[in-house]
Amino acid sequence: MREAKLLRAHVVKEQRATFSAAPGTEALRPGTATDISNLFMAGDWTRSGWPATMEGAVRSGYIAAEAVARAAGQVGEFLLPDIA
């Protein structure tokens, strides 16, 4: 790798995919649990601690899977800890 040289690079950006989250919007996002027994939500707009992106949706899915496991009386830790 030390000897590798970048020959070409190209940045691809999608104007319609770029967003800026406004302050206070995290509080508007629903959590995983619902008022209906054994119904859980996951998706990019649920409260995952990450922006409403594909990555946030995946994180939300793991959080929902953990909630389902807890509801079934099992311990399940599917979400990997953040690495900084």
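The model shown is predicted, which means the values in this text are computed figures rather than measured ones. Chains are numbered independently. Their residues run from 1 in the order of the written sequence. At least 70 in pLDDT is required for a residue's local features to be given in this predicted model, at least 80 for side-chain atom pairs to be given and counted, and no such filter applies to totals for whole chains, interfaces and linings, which use all residues. Only heavy atoms go into the side-chain values, all of them from the structure, while hydrogens and water stay out.

**What to know about unusual backbone geometry**
Quick note on the threshold: Throughout this description, buried means an accessible area under 20% of the type-specific maximum (1.4 Å probe, protein chains only), exposed means over 50%, and partly exposed covers the range between.
Even without a glycine there, the phi angle at N38 is positive, about 60°. With relative accessibility at 58%, the residue N38 sits in the exposed group.

**A word on the environment of G61**
Quick note on the threshold: The numbering of helices and of strands both runs from the N terminus, where a helix is a DSSP run of H or I of at least 4 residues and a strand a run of E of at least 2.
Mapped onto the secondary structure, G61 falls in helix α1 (residues 54-71). G61 sits in the partly exposed class, given a relative accessible area of 28%. Separated by 52 residues in the primary sequence, G61 and A9 place their C-alpha atoms 33 Å from one another.

**A closer look at the side chain of E66**
Going by this rule: Positive charges come from Lys and Arg, negative ones from Asp and Glu, while His and the chain ends are left out of the count. By definition here, a salt bridge exists when the distance from a side-chain nitrogen of Lys or Arg to a carboxyl oxygen of Asp or Glu is within 4 Å. In this analysis, two residues are considered to be in contact whenever any of their non-hydrogen atoms come within 4.5 Å of each other.
Its location among the elements puts E66 in helix α1. One buried charged side chain, E66, makes no salt bridge at all; its nearest oppositely charged neighbour is R70, positioned 4.5 Å away. If we ignore the near neighbours within four places in the chain, the residues touching E66 are G76, E77, F78 and L79.

**Observations regarding α1**
To keep it simple, the criterion reads: Expected helix span is given by 1.5 Å per residue-to-residue step, counting one fewer step than there are residues.
The terminal C-alpha atoms of α1, which comprises 18 residues, lie 26 Å apart, in line with the 26 Å expected from a rise of 1.5 Å per residue. Looking at α1, one finds that the buried residues are G56, R59, S60, I63, A64, E66, A67 and A69. Positive phi shows up at G73, right after α1, with a value of about 80°.

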